[in-house]
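A closer look at the structure
Residues per chain are reported as follows:
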Amino acid sequence: MAVEGISPDWEFDRFDDGSQKIHAEVQLKNYGKFLEEYTSQLKGIEDALDESIGDVWDFTLDPIALQLLPYEQSSLLELIKTENKVLNKVITVYAALCCEIKKLKHEAETKFYTGLLYYGEGASHTSVVEGESQIQMGRFISFLQELSCFVTRCSEVVVNVVNQLASLYSSNKSATKIIESSGVHFQTVFEHLGELLSVLLTLDEIIDNHAALKDHWTMYKRLLKSVHHNPSKFSIQEEKLKPFEKLVLKLEGHILDGMIFQACVEQQFDALGEGVSVSKNSTFAEEFALNIRTIFTNVESKLGEPAEIDQRDKYVGVCGLFVLHFHIFRTVDKKLFKSLLDVCKKVPAVTLTGNIMWFADTFLVAKVPAAAKMLDKKSLQGIRTQRDSFLQQKAQMLVKDVQSYYVFVTSWMMKMESILAKEKRADKFAEDLSNRCTIFIQGILYAYSISTIIKTTMNLYMSMQKPMTKTSVKALCRLVELLKAVEHTFHRRAMVVADSVSHITQHLQYQALNSIATAKKRVISDKKYSEQRLDVLSALVLAENALNGPSTKERRLVVSLALSVGTQMKTFKDEELLPLQLVLKKLDLISELRERVKIQCDCSFLYWHRAVFPIYLDDAYDHAVDAARIHYMFSALRDCVPAMLHAKHLESCEQLLENYNLEIMDVFKEHLLDKLCKEIEKDLRLSVHTHLKLDDRNPFKVGMKDLAHFFYLKPIRFFNRFIDIKAYVTHYLDKTFYNLTTVALHDWATYSEMRNLATQRYGLVMTEAHLPSQTLEQGLDVLEIMRNIHVFVSRYLYNLNNQIFIERTSNNKHLNTINIRHIANSIRTHGTGIMNTTVNFTYQFLRKKFYIFSQFMYDEHIKSRLIKDIRFFREIKDQTDQKYPFERAEKFNRGIRKLGITPDGQSYLDQFRQLISQIGNAMGYVRMIRSGGLHCCSNAIRFVPDLEDIVNFEELVKEEGLSEETQKSARVLDSVLGDLTSNSAEGTEYFKKLVDVFAPEFRSTKNMHLRNFYMIVPPLTVNFAEHSISCKEKLNKKNKVGAAFTDDGFAMGVAYILKLLDQYQEFDSLHWLQAVREKYLREMKSMVKEQNVQATSQDEKLMQTMNLTQKRLDIYLQEFELLYFSLSSARIFFRADKTAAEENQEKKDKDEVSKTGNGDSSSSSSTDPSAK
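About the thresholds
Residues numbered from 1 in each chain as written. Predicted model: local features only at pLDDT ≥ 70, side-chain atom pairs only at ≥ 80, totals over all residues. Heavy atoms only, no water. Helix = DSSP H or I, 4+ residues; strand = E, 2+ residues; numbered from the N terminus. Rg over C-alpha atoms; globule rule 2.2 N^0.38 Å. Buried < 20%, exposed > 50% of the residue type's maximum accessible area, 1.4 Å probe, protein only. Contact = heavy atoms within 4.5 Å. Lys, Arg positive; Asp, Glu negative; His and termini not counted. Charge placed at Lys NZ, Arg CZ, Asp CG, Glu CD. Polar contact = N/O pair within 3.5 Å; in protein donor to acceptor, adjacent residues only side chain to side chain. Salt bridge = Lys/Arg side-chain N within 4 Å of Asp/Glu carboxyl O. Pairing = 2+ DSSP bridges. Axes fitted to C-alpha atoms, helices over the stretch in contact; angles between N-to-C directions. Core = buried A, V, L, I, M, F, W, Y, C linked by side-chain atoms within 4.5 Å. pLDDT = per-residue confidence, 0-100. Patch = residues over 30% accessible without salt bridge, like charges linked within 9 Å, V, L, I, M, F, W, Y side chains within 5 Å. Areas by Shrake-Rupley, 256 points an atom, 1.4 Å probe, with all protein chains shown as cover.

Brief notes about the overall build of the protein
In terms of helices and strands, the protein carries 44 helices and seven strands. Expected size for 1172 residues packed as a compact globule is a radius of gyration near 32 Å; at 52 Å, the protein overshoots this value by more than 25%. Based on the C-alpha atoms only, the size of the protein along its principal axes is roughly 175 × 80 × 80 Å. Looking at the protein residue by residue over its 1172 residues, the buried ones come to 46%. Relative to all contacts within the protein whose residues are 6 or more apart in sequence, the contacts with residues 24 or more apart total 79%. The centroid of the 149 positive side-chain charges in the protein is displaced by 5 Å from the centroid of its 151 negative side-chain charges.

Side note on helix 36 (residues 953-960)
Measuring from the backbone nitrogen of Glu954 back to the side-chain oxygen at the start of helix 36 gives 3.0 Å, which picks out Asn952 as the cap. Residue Gly961 follows helix 36 closely and has a positive phi angle near 70°.

A word on the pattern of salt bridges
Between side chains of opposite charge, pairing is possible as soon as their charged atoms come close. Going through the model one piece at a time under the given rule, you end up with 49 salt bridges. For Glu195, the salt bridge goes to Lys105, with nearest N and O atoms at 3.7 Å. In this pair, Glu195 sits in helix 5 (residues 187-208) while Lys105 sits in helix 3 (residues 85-117), placing the two residues 90 residues apart along the sequence. Judged by its relative accessible area of 17%, Glu195 falls in the buried class. Here Lys474 ties to Asp619 by a salt bridge, and the two come within 3.9 Å at their closest N and O atoms. With Lys474 in helix 16 (residues 470-492) and Asp619 in helix 22 (residues 612-622), this residue pair connects regions lying 145 residues apart in the sequence. Taken together, the shared-partner salt bridges in this structure form one network comprising Lys474, Arg478, Glu481, Asp619, Asp626 and Arg629.

What to know about the side chain of Glu576
Considering the arrangement of structural elements, one finds Glu576 in helix 20 (residues 574-591). With a relative accessible area of 18%, Glu576 lands in the buried category. Of note is the side chain of Glu576, whose polar atom sits 2.9 Å from the side chain of Arg522.

Description of the environment of Val486
Tracing the chain through its elements places Val486 in helix 16. The spatial distance from the C-alpha of Val486 to the C-alpha of Ile141 is 40 Å, given a sequence separation of 345 residues. If we ignore the near neighbours within four places in the chain, the residues touching Val486 are Val409, Trp412, Gly443, Ala447 and Cys601.

What to know about the sheet that holds strand 6 (residues 804-807)
Pairing is antiparallel in the open sheet, where three strands are placed in the order 5-6-7. Each edge of the sheet is formed by a strand with only one pairing partner; in this case those strands are strand 5 (796-799) and strand 7 (817-818). Sheet analysis places strand 6 next to strand 7, joined by two bridges and oriented antiparallel. Bridge pairing in strand 7 places Ile806 opposite Thr817. With respect to the sheet, helix 35 (residues 908-940) is in contact with strand 5, strand 6 and strand 7, its orientation differing from that of strand 6 by roughly 130°.

Considering the pairing of strand 6
Across the two faces of strand 6 the burial is the same, with Ile804 and Ile806 and Phe805 and Glu807 all buried. Sheet topology note: the strand 5/strand 6 ladder contains four bridges and is antiparallel. By the bridge assignment, Leu797 is partnered in strand 6 with Ile806. Hairpin connection, strand 5 to strand 6: the antiparallel pair is bridged by four residues, and Gln803 has positive phi, about 45°.

Comments concerning the nonpolar core
The biggest cluster of nonpolar side chains holds 231 residues, and the ones touching the most others in it are Phe186, Tyr315, Phe668 and Ile725. The element contributing the most residues to this core is helix 4 (residues 132-168), with 17 residues. In this structure Ile725 touches Phe668, Leu672, Leu673, Leu676, Phe710, Phe711, Leu713 and Ile716, once residues within four positions along its chain are discounted. If you look at the next biggest cluster of nonpolar residues, it comprises 89 residues, including Phe856, Ile896, Tyr925 and Phe1120.

Examining the confidence of the model for the protein
As a general rule, the predicted coordinates of low-pLDDT regions are not to be interpreted in detail. Looking at the protein, the pLDDT average stands at 85 and 91% of residues meet or exceed 70. When pLDDT is averaged over each element of the protein, helix 5 comes out on top at 95 and helix 44 (residues 1140-1171) at the bottom at 56. Confidence over residues 50-54 falls short of pLDDT 50; this stretch has nine contacts with residues more than four positions distant or in other chains. Every residue in residues 1160-1172 scores below 50 in pLDDT, and together they form zero contacts with partners more than four places removed in sequence or on other chains.

Observations concerning the side chain of Asp619
Residue classification places Asp619 among the buried positions, given a relative accessible area of 7%. In contact with Asp619, not counting residues within four places along its chain, are Lys474 and Arg629.

Observations concerning the environment of Leu42
Inspection of the secondary structure assignment puts Leu42 in helix 1 (residues 19-49). Looking at Leu42, the relative accessible area reads 22%, which means it is partly exposed. In this structure, the C-alpha to C-alpha distance between Leu42 and Ile64, residues 22 residues apart in sequence, is 8.9 Å. Every residue in contact with Leu42, bar those within four places of it in the chain, is listed here: Pro63 and Ile64.

A look at a nonpolar patch on the surface
On the surface, Tyr31, Phe34, Leu35, Tyr38 and Ile64 cluster together to form a nonpolar patch covering roughly 470 Å² of accessible area. Of note, Phe34 is situated in helix 1. For Phe34, a relative accessible area of 45% puts it in the partly exposed group.

Focus on a positive patch on the surface
Among the surface-exposed residues, Lys868, Arg871, Arg874, Lys891 and Lys898 lie close enough to one another that they form a single positively charged patch. Among the elements that line the positive patch, the one with the most residues is helix 33 (residues 860-876), at three residues. Note that Lys868 resides in helix 33.

If you want it as structure tokens, here you go:
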């Protein structure tokens, strides 16, 4: 036994005074403190970033991760050091070969399997462009070339392993023995060889099952043919084409014909010349067969048992070794062949990788035809029928399996939590460790069993092309969730598990070392010397050395090889050997715990079964109570991502990932999110509208689904996004409610109620729509009036003093009114821009009305009468004291009636009066719009402290050097404030505009006939007074049709038209009101006289008549005076005190003043510098 000497530098430290230990403890404490602080900092960062990081975390995003797998720093040559040089070499050779096989297997699993499996994925069938498949294959050629080199390498390694074993177990009597090999069985090496054969076999199966790959290959070969005929068209040099075609043919023969495994086992194993003989080596043949049987016995006993871990993969390896044995030695062990086939009844199919199923019976019959001949067709048929019945049984048992595994896994999770949370006790440390070890291994076993059920069932259904029932799909999805739950339990407790693993491995190594030490003592105590005994001793020393160190793959391999030599010659008793083997098995499992869990819980095969996802989501939606399980399913779907990164047929694997991402998200939206949104919206609507008695919502009759569970879910991590169900539904409701409120603003109250209900019932934090709400007494909307202004002015009556419109008649018991507040509300709803549009509409309306007005004035009957009246007034005005006689106006009013009357008893003058009233109403409406606008602006600006001194926010923001966005928003704020102040200060002079736009046309020589208008005003006023009095009288009657108490539109209209014609002076020259007043006062005086005369006579009836007449005269006079006051008020709006000429003069004066002002300022500025 070689013991390395201690270097002289450390000699002085041999004496231990305990100071080193104290120092080490202090350092350990500090390190522990640092770790705790660091953990809390990380937790703080996670909480600060987002309180709702998902329950199920994406392992690839761990901010800090623990790698439990120990890596070997020493080389194999350093590890395998004993004084027995020959044994060293033997063990080194086999260890190196086994390591090589492991590396090749790892490369195949991570790179080649996935590259082949995902070929052709990611391009949807509908969008495949002509030629796309050839381009994909073109990109894939380099990958196939790499695969070809890989397969060649594997074949070389197989030959090397077989040759190395054959040289050890040589039947050549003359050759010197390397070591005594009669009792030595390198089972590990054979197992590794089996693993390598199963890699080749898997590649064959993947290619054989890949229809797309074969189709694309055929198309690619066709393309090459066409390139060959016309290379210049494809800009390819002809001399390069020939070698490429050869390469393509070589690749096809080597890889794509499904002969990878066959070619490997049919190789020439006998070395030429002086080399090792293999096929004639009977000792080796026996050893080979013995090892196959041993491995098979070990595997078969565990297959289908709860303690099964990797026996299925080993079974594939055993079948591969059996075929290799047949091809080298050309003998068949019929008994073993039958036993191998019998396993198919227990395990009808094995999943090699992804969705690739392997059927042992098909394989063995095809690869060992000599043995297949001995089988009757019936037994082969029996195996196939057994497969069908196995699938049926599995499907029936699934629900039961789910229930039992649910209990197993949840109780195991509880045990994990409790045992890891327990304080370690020094006195029970060993017991504690063995408990932990058992529980960890139990977790792996559960994961393996569940994984096997899912893969076998799903892939069998797929490969046998049988439909799955919904119940089976749901059960399998439940199992997927359980599988991920196991993985997440290990991950969640990674810190404690890592801590335990190192202690458990040490404990197991200690047990193994104890066992080996006992055997070593036994060997040393036997004094008989032999080469074989020396080999055994050296092997045991080697095993001890390897176990004294970290439990790396290489060391465990060396131990297992060393014990293959060290267990011969009965060095171990049977009752010692079994526990040692068990301890070493546990050591294997615990050392690779994280890797094993990762492999067993990997759900990347779901990529080929993603058709189950919609069914799963429908089920999750129907059973909302355990909604949290969705996290596990997404975690399973994420497992496909690392594998997809090896796809080589697309420009970048990002395309494949993006397609997968979109596909899953579309399904998720369709089958869960959108359904949830609709259901929540429906529920809110029905709850708010319960008073409508819509349908039966009694939960005892129609059932009840509590969808709120989905909103308690933490966001789901998928690719680069967090899917927050709560936020998604909230956004949907916000958007819907906002859009529907904009369409019908009067529904705002309903939607705000629904918002509140969503918050109370589902905890959704909704955004306020901030749409201007409409009050219940808003009345007609400005938009409505604007669109139907012609209807509005004829149906509503204007009151000048109160600035209010009242409906003329209504079918209801009440009349609508419109006042400034209503208009201000409307402007707030639609924005101030609507004011200009409204005035524009009014202008269009006035144009039409003025056309009718002009026609009436142009009518011969009217025109001739007016001209006659004007001439008459000129003649008699001196006699009548410049007053227009009332009788003349009355005569005109009556005379018009003779021209004709409408069916409802209206004369032309009545209609003309109505026309003028409508024009006046339109002007009243414009006035109200302006007042409403001012009202709205003053409300909006009431929060600005000082209108005279408003700060410039943009400048302040620039001074502070804030961001571009802030400056932009400050600019917007400034412009808004500017608009509001200018609007609230003066408002727009709409009346002036409406006068300026029509006046030139009215005053032009074309429209001379309109100049007579002032003369028609007196008869119009008479007509209006009669009409107004009759309307007021109807107020007291039962039938109130036509009743009214105000109609100031007439006064507004007259004032407006007089202004347009610039005829205020002409109208005033009639002194019409004085004439009216004189007439009525005169009549009243004469009535009083009459009454005094008649007072003496006792005629009561006559007295009543006289009283009534006096009252009537009083009413008429009052009506005329009211009209006069309204007209005077209306004239103020149109600056009636000034004529057109005076206004023009005033304008000129203003212009001159402003010019001289500018001149003064410029001259003063020019003289300023000289003054300085």
